Amino acid sequence: MSTTRPDPLHPDPLHKLRAYFAGFPLLWPLVGLAALLLFNVVYHPGFLALEVRDGHLYGTPVDLLHQGAKGILLAIGMTLVIASGGIDLSVGSVMALAGAAAALLAKRADLPLVAVIVLPLLLAAIAGLWNGLLVTRIGIQPIIATLVLMTSGRGLAMLLTGGQNPAFDRSGFIFLGNGHLLGLPFTIYLVAAALTTAGLLLRRTALGLFLESTGDNERASRASGVDARLVKTAVYVVSGVCAGLAGLVATSNIKQADPIRTGEMMELDAIFAVVVGGTALTGGRFTLAGSVVGALLIQTLTQTMFYLGVPPPIAPVPKAIIVLAVCLLQSAGFRRDVVGLVKRPIRR
Amino acid sequence: MSRLSFAATAVVLVLLFGTASWLYPGFLSARVIANLFGDNAALGIAAIGMTFVILSGGIDLSVGAVLAFTSTLVALLVTRHAVPPLLAIALGLAIGAAFGAVMGAMIHRYELPPFLVTLAGMFFARGMAFVLSLESLGISHPFYRSAATFGIPLSAKATLNAPALIFLVLFAAASCLLHATRFGRDVYAVGGHEPSARLLGVAVGKTKIAVYALSGTCSALAGVVATLRMGSGNPAQGTGFELDAIACVVIGGTLLSGGVGSLAGTLNGVLIFGTIQIALVFDGRLNSWWARIVVGALLLLFIVFQKLLARAASRRA
Amino acid sequence: MRALYTALFLTAAVVACKKTDNKESGKESGKPDPASGTSGTSGTSGTKQLTVGFAQVGAESAWRTAETGSIRAEAEKRKVNLKFSDAQGKQENQITAVRGFIAQGVDAIILAPVVETGWEPVLLEAKQAKIPVVLVDRGIKTSDETLYATLIASDFVAEGKMAAEWMAKKLNGKAAVVELQGTPGSAPAIDRKKGFEEGIKANPNMKIIASQSGDFRRSNGKEVMEALLKKHGKEITAVYAHNDDMALGAIQAIEESGAKPGTDVIVVSVDGVKDAFTAMVEGKLSASVECNPLLGPMAFDAVEKAVAGQTLPKRQVVEDKLFDTTNAKDVIATRQY
């Protein structure tokens, strides 16, 4: 590596402190989540209550994981994309597309269940590949490249279903979003599997290292032999598949496709989850665990709104404030200004 | 190069309009053209602001939400609090400008990515619109009743209505601002290459903040125009509007990396968008989702076209 | 460059001019209808084929799809040239569509307004162009009733009342109700809420303990219900949903909570789509007030009368019936939507 890093054997004290915090990138998101949960428990002591009903674990915490599954899945893909220095605005539309395809396939009893699940995922992967190729081969900025699919993807989904919301009765597919395994919703296992796969990919193969170097400095990574184009394309495919999976969960969950609403505004929730989780938008530094916590934070916020009886359309306001606060706290300039403001009165 | 992409946009517009006129009786009429401006006035006004932002190298995702917020605010003030309409409109515009300036300041001073700040701005403004009112508010006020009927007749059947006139006047004013003032040159300079702009003595910070304030004002004005068009303020309107506006700007030949583009191109982009929509209404058989798909395809086509032009230009250099 | 632009525009204009000469006004331009002689269903239109624009909200629920289907089928039956526009749930798109219909010179416009306000300017334009507008399924708020020919819709307030009265009878006047509202600001959401509140007034022991918007959507209905079940737990004895889709979502949430919809929690909704009948036959949904979406025949009757210059009653109420678990089985086979 040609980059100059501080000598790990002789760190300066300030760097030590920084390294300490860098070692716990999860600290702030976790503090935020804990604070929000605490707030809820104070208002509704039953918020964290768990009980067993019908042999299933039942309660708001389970709901948070179950309902948050879509957000977590999206956040996994989005983390990788953002780590590569990109962004994927099309995830919501890809969800709708995969969901619409799955519903249509699920209606056909002659198709095996594998096809009902794999074909939509393949479609989502192709959508991701399309994004990746636009970014890497044609050199379009990621925001715009994925904007194309964001605007037209939902239209394609509507054309697939002919503007209808096809309902289906396919027990195997319905299990995906509604079933229980060992007392827990199946979606939780799905998320765990996706996380494990992504984690293994990142830690056991060189992909993680590649990603960090790609996002940080494309030229340097190219010099060090990383095929940046390949990595970047792959990242969009992963994001597409994650979105497809989230779309399947959403569709299975309500037993019908809903091309207009499935994944509506979810791209923003996913980006927010990743940002709140501590991944740098400039690429390079990323944390999957942080994104998961971020996604759970967003879901808890949604749940809090339901509890407080706040009309859903108002829910974006606190989300916006939290994200801006997180970003401002991360900005060195803001911290300097705040410190300046605090110090001045003391000096007088 | 920007000329070439402008020409391409113009060709697409003429081809689209020509095809639609060929296919649908009554399409090529003064009324349809007047409608094109009137129905897309809000989009056009927001796209004008967006052009400045994109030229400066940024992006503004909050336009649709600011539109909804302003229209709801104006409706609320006029109907529930008996504020004179013009005062309510002025207040709405001022809030839009301030909102944009705050976003611009965050982007500049704290070096946050524009899309993130404006995304948060979009969530915030949309939510606040619903805080003002959960439902669409009708405005019944003599000013609005006369505004609804006001217009300049073009022919027996076609009238340029108030929204269309506001759009055209703003377009002229914004063109002057962009192409004939110091500020306009600064916007191009900042978007072209920020460090060199700084070296040339351009006040980069001020320019950036001004650009977002301008876009905020334009979005607010789009909200005002929406109240004129419907005689109501609806907090739910304008979802996805930001993407339409960006699409219009890009189809109009403005480079997303900033520094290259024109307002005339944006006007073409808006008219292309509007033509597709009206043509679908005239046809009356196709699924309206085709509009989304066609716009997406055009967007892609123009980006690729720009890329090819840029590549050819760099090879020549 | 500018020359090129101008040249292109001129070419296009010249090419198109030939066509516009004889098509200056849209009304006369309707293609001669080969079948017009045999189209016996339309009594008033004589030899001319009617062109009617239909500005639909979108396709957000099975109910709306059924409505669209009914209007399309009726148009085909009467040999009406139907121009259909789907506004994708957006009022601004609907207005553009209506103005497009006016520019096209259609004979009449059928409008299903997405919200109650914001229609006066565009309807004024239609009135000036002498194009009658028939409102279907939802009303508008206006001080000027001459802006539209007639409104064909169910009485949403009465629907809410029917649901409340049925629930009161079923639960002997004592209930803790969760209300799932429709899209905020839409006429059915406002009126079904109002009607229900009126209907339970006589029973002081019937209380709405929570009322939230589920936006007429199955997914939102489910999610909101899940949260409310956690908050209020076993306290909830009944659910009143402004449409079937939300009720079906709520039923899923109730089942997942381990309770039995239909016995532990009574679920009542409005619309009466086929899925609701299936749920009633299964005993999960207790009752559904039918809101008839098959407005096609009535709408085109009104259109033909309005085009012929007859004045219509401003309000034509579509009769609604309540179905519950006892009589759902008899109807389900004939239900098309």
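Note that the structure is a prediction, hence the values are computed from the model and not measured. (Residues numbered from 1 in each chain as written. Chains lettered and ligands numbered in written order. Predicted model: local features only at pLDDT ≥ 70, side-chain atom pairs only at ≥ 80, totals over all residues.)

Enquirer: Can you walk me through the overall build of chain B in this structure?
Expert: Along its length, chain B carries 14 helices and four strands. By the compact-globule yardstick of 20 Å for 317 residues, chain B fits well, its C-alpha radius of gyration being 19 Å. Taking the principal axes of the C-alpha coordinates as reference, chain B spans close to 60 × 50 × 35 Å. Going through the 317 residues of chain B one by one, you find that 65% of them count as buried. The contacts of chain B with a sequence gap of at least 6 include a subset with a gap of at least 24, amounting to 79%. (Helix = DSSP H or I, 4+ residues; strand = E, 2+ residues; numbered from the N terminus. Rg over C-alpha atoms; globule rule 2.2 N^0.38 Å. Buried ≥ 20, exposed ≤ 12 C-beta atoms within 10 Å, placed from the backbone. Contact = placed C-beta atoms within 7 Å.)

Enquirer: It is not clear to me how the overall build of chain C should be interpreted in this structure. Could you clarify?
Expert: The helix and strand tally for chain C stands at 12 helices and 12 strands. For chain C, with 337 residues in total, the buried portion stands at 58%. Once local pairs closer than 6 in sequence are excluded, the contacts in chain C between residues at least 24 apart make up 75%.

Enquirer: Whenever I open this one, the interface of chain A and chain B confuses me. Can you help?
Expert: For an interface, size is often stated in terms of accessible area lost upon the parts coming together. In this complex, chain A contributes 35 residues to the contact, which on the side of chain B involves 36 residues. The element best represented in the side of chain A that touches chain B is helix α6 (residues 142–161) of chain A, accounting for 12 residues. The residue makeup of the side of chain A that touches chain B, split by class, is 25 nonpolar, eight polar and two charged. (Nonpolar A, V, L, I, M, F, W, Y, C, P; charged D, E, K, R; others polar.)

Enquirer: Would you take a moment to explain the environment of Arg170(A) for this structure?
Expert: All names here are of chain A. Summarising the element assignment, arginine 170 is placed in the loop between α6 and α7 (171–178). In sequence terms arginine 170 and arginine 108 are 62 residues apart; their C-alpha atoms lie 9.1 Å from each other. Ignoring anything within four residues of it in the chain, the contact list for arginine 170 reads Ala106 and Val116.

Enquirer: Would you mind going over the nonpolar core with me for this structure?
Expert: A general feature of soluble globular proteins is that nonpolar side chains tend to end up buried together. Judged by nonpolar contacts, the single largest core of 273 residues is most densely connected at Leu97(A), Ile45(B), Ala46(B), Ile109(C) and Val134(C). Excluding residues within four positions of it along the chain, Ile45(B) makes contact with Phe167(B), Leu170(B), Cys218(B), Leu221(B), Ala222(B) and Val225(B). (Core = buried A, V, L, I, M, F, W, Y, C linked by C-beta atoms within 7 Å.)

Enquirer: I would appreciate a short explanation of unusual backbone geometry in the present structure.
Expert: Leave glycine aside and you will find that most residues have negative phi; peptide bonds, for their part, are mostly trans. All names here are of chain C. Despite not being glycine, lysine 79 shows a phi value in the positive range, around 60°. Position of lysine 79 relative to the elements: it lies in the loop between α3 (62–77) and β2 (81–86). The exposure class assigned to lysine 79 is partly exposed, which follows from the 18 C-beta atoms found within 10 Å. Phi at asparagine 172 takes a positive value of approximately 55°, unusual for a residue other than glycine. The class for asparagine 172 is exposed, based on 10 C-beta atoms found within 10 Å.

Enquirer: Could you clarify how one ought to interpret the domain arrangement of chain C in this entry?
Expert: Residue and element names in this part refer to chain C. What the domain assignment reports for chain C is domain 1 (49–148) and domain 2 (156–291 + 323–332). Relative to domain 2, the C-alpha centre of domain 1 lies at a distance of 30 Å. Each partner contributes residues to the interface: domain 1 has eight residues there, and domain 2 has 10 residues. Looking at side-chain class alone, the side of domain 1 that touches domain 2 contains three nonpolar, two polar and three charged residues. (Domains from an automatic or database assignment.)

Enquirer: Looking at this model, I keep getting lost on the sheet that holds strand β12 (residues 322–324) of chain C. Mind explaining?
Expert: Strand pairing in a sheet relies on backbone hydrogen bonds, with the paired strands running either antiparallel or parallel. All names here are of chain C. Read across the open sheet, the six strands follow the order β7-β6-β8-β9-β10-β12; overall the sheet is mixed. The open sheet terminates on both sides in strands that have one partner only, identified here as β7 (206–213) and β12. Sheet twist, expressed as the mean angle between neighbouring strand axes with direction ignored, is 20°. (Pairing = 2+ DSSP bridges. Axes fitted to C-alpha atoms, helices over the stretch in contact; angles between N-to-C directions.)

Enquirer: Could you clarify how one ought to interpret the pairing of strand β6 (residues 175–181) of chain C in this entry?
Expert: Put simply, side chains in a regular strand alternate between the two faces of the sheet. Residues and elements named next belong to chain C. Of all seven residues that make up β6, six are buried, and the element is covered over most of its length. As defined by bridge partners, β6 adjoins strand β8 (residues 238–241) across four bridges and the pair is classed as parallel. When the bridges of β8 are listed, valine 177 appears paired with alanine 238.

Enquirer: Quick question: what am I supposed to make of the interface of chain B and chain C here?
Expert: Contacts between chain B and chain C engage 39 residues on the former and 43 residues on the latter. Every element with two or more residues in the side of chain B that touches chain C is listed here: α1 (2–23), α2 (30–39), β1 (137–138), α7 (142–149), α11 (204–230) and α13 (263–283) of chain B. If you tally residues by element for the side of chain B that touches chain C, the top one is α1(B), at nine residues. Its residues assigned to classes, the side of chain B that touches chain C comprises 16 nonpolar, 17 polar and six charged.

Enquirer: Any chance you could explain helix α4 (residues 63–80) of chain B here in plain terms?
Expert: Every α-helix carries 3.6 residues per turn, so stepping three or four residues along brings you back to the same face. Residues and elements named next belong to chain B. With 18 residues, α4 should cover 26 Å at 1.5 Å per step; its first-to-last C-alpha distance of 25 Å lies within 8% of that length. α4 sits mainly inside the fold: 16 of its 18 residues count as buried. Of the residues flanking the end of α4, it is alanine 82, one or two places downstream, whose phi is positive at about 55°. (Expected span 1.5 Å × (residues − 1).)

Enquirer: Can you help me understand helix α8 (residues 218–232) of chain C in this one?
Expert: Residues and elements named next belong to chain C. The terminal C-alpha atoms of α8, which comprises 15 residues, lie 21 Å apart, in line with the 21 Å expected from a rise of 1.5 Å per residue. Across the 15 residues of α8, 14 count as buried, placing the element largely inside the fold. Within two residues after α8, glycine 233 carries a phi angle of roughly 55°, on the positive side.

Enquirer: How should I be thinking about the packing of helix α3 (residues 41–55) of chain B against α13(B) in this particular structure?
Expert: Each pair of packed helices can be described by the angle between their axes along with the distance between the axes. Residues and elements named next belong to chain B. Where α3 contacts α13, the axes come no closer than 10 Å and their chain directions differ by 145°. The element α3 and its partner α13 pack so that their crossing is right-handed. Where α3 approaches α13, its residues Leu43, Gly44, Ala47, Ile48 and Thr51 are matched on the opposing element by Leu263, Thr266, Gly269, Val270 and Phe273. Of the residues assigned to the contact of α3 with α13, the class counts are six nonpolar, four polar and no charged. (Left-handed = near helix turned anticlockwise from the far one by under 90°.)

Enquirer: For this particular structure, what's the right way to read the packing of α3(C) against helix α11 (residues 296–307) of chain C?
Expert: Residue and element names in this part refer to chain C. Look at α3 against α11: their axes get within 8 Å of each other, and the N-to-C directions meet at 55°. What the angle tells us is that α3 and α11 run oblique. As for how α3 packs across α11, the hand of that crossing is right-handed. Facing α3, whose interface residues are Ser70, Ile71, Ala73, Glu74 and Ala75, α11 presents Gly296, Pro297, Ala299 and Phe300. (Parallel < 35°, antiparallel > 145°, perpendicular 65-115°, else oblique.)

Enquirer: Would you explain the confidence of the model for chain C in this entry?
Expert: When pLDDT drops low, the exact placement of atoms in the prediction is not to be read closely. All names here are of chain C. Of the residues in chain C, 86% have a pLDDT of 70 or more, and the chain-wide mean is 83. Confidence drops under a pLDDT of 50 for residues 1–45, and excluding neighbours within four residues, the segment shows 55 contacts in the predicted structure. The ipTM, which scores confidence in the relative placement of chains, is 0.89 for this predicted complex, and the corresponding pTM is 0.84. (pLDDT = per-residue confidence, 0-100.)

Enquirer: Is there a simple way to explain the sheet that holds strand β4 (residues 133–136) of chain C in this structure?
Expert: All names here are of chain C. Ordered by their spatial adjacency, six strands build an open sheet running β2-β1-β3-β4-β5-β11, and the pairing between neighbours is parallel. This sheet does not close on itself; its edge strands, each paired only once, are β2 and β11 (315–318). Neighbour-to-neighbour, the strand axes of this sheet turn through a mean angle of 15°, independent of strand direction. Two elements, strand β1 (residues 51–56) and strand β3 (residues 108–111), share four bridges in a ladder whose sense is parallel. What sits directly across from alanine 55, in β3, is leucine 111. In the packing of helix α4 (residues 91–104) onto the sheet, contacts are made with β1, β2 and β3, and the angle to β1 comes to roughly 175°.

Enquirer: Would you explain the pairing of β3(C) in this entry?
Expert: Burial along β3(C) is two-sided: the residues Ala108(C) and Ile110(C) and Ile109(C) and Leu111(C) are all buried. Between the parallel pair β3(C) and β4(C), the chain is carried across by helix α5 (residues 120–128) of chain C, and the sense of this crossover is right-handed. (Right-handed = clockwise from strand over helix to strand, strands pointing away.)

Enquirer: I would appreciate a short explanation of the environment of Gly247(A) in the present structure.
Expert: Residue and element names in this part refer to chain A. Positionally, glycine 247 belongs in helix α11 (residues 228–254). Taking the number of C-beta atoms within 10 Å as the measure of exposure, glycine 247 has 36 and is therefore buried. Measuring from C-alpha to C-alpha, the distance between glycine 247 and glycine 153 comes to 13 Å, with 94 residues separating the pair along the chain. Once residues within four sequence positions are removed from consideration, glycine 247 is found in contact with Val94, Met95, Ala96, Leu97, Ala98, Gly99, Thr262 and Gly263.

Enquirer: Sorry if this is basic, but what is going on with the environment of Met206(C) here?
Expert: Residues and elements named next belong to chain C. Inspection of the secondary structure puts methionine 206 in strand β7. Judged by the 22 C-beta atoms lying within 10 Å of it, methionine 206 is buried. Considered as a pair, methionine 206 and leucine 171 are 35 residues apart in the sequence and their alpha carbons are 9.2 Å apart. Each residue touching methionine 206, except ones within four places of it in the same chain, is listed here: Ala168, Gly173, Lys174, Ala175, Val177 and Ile200.

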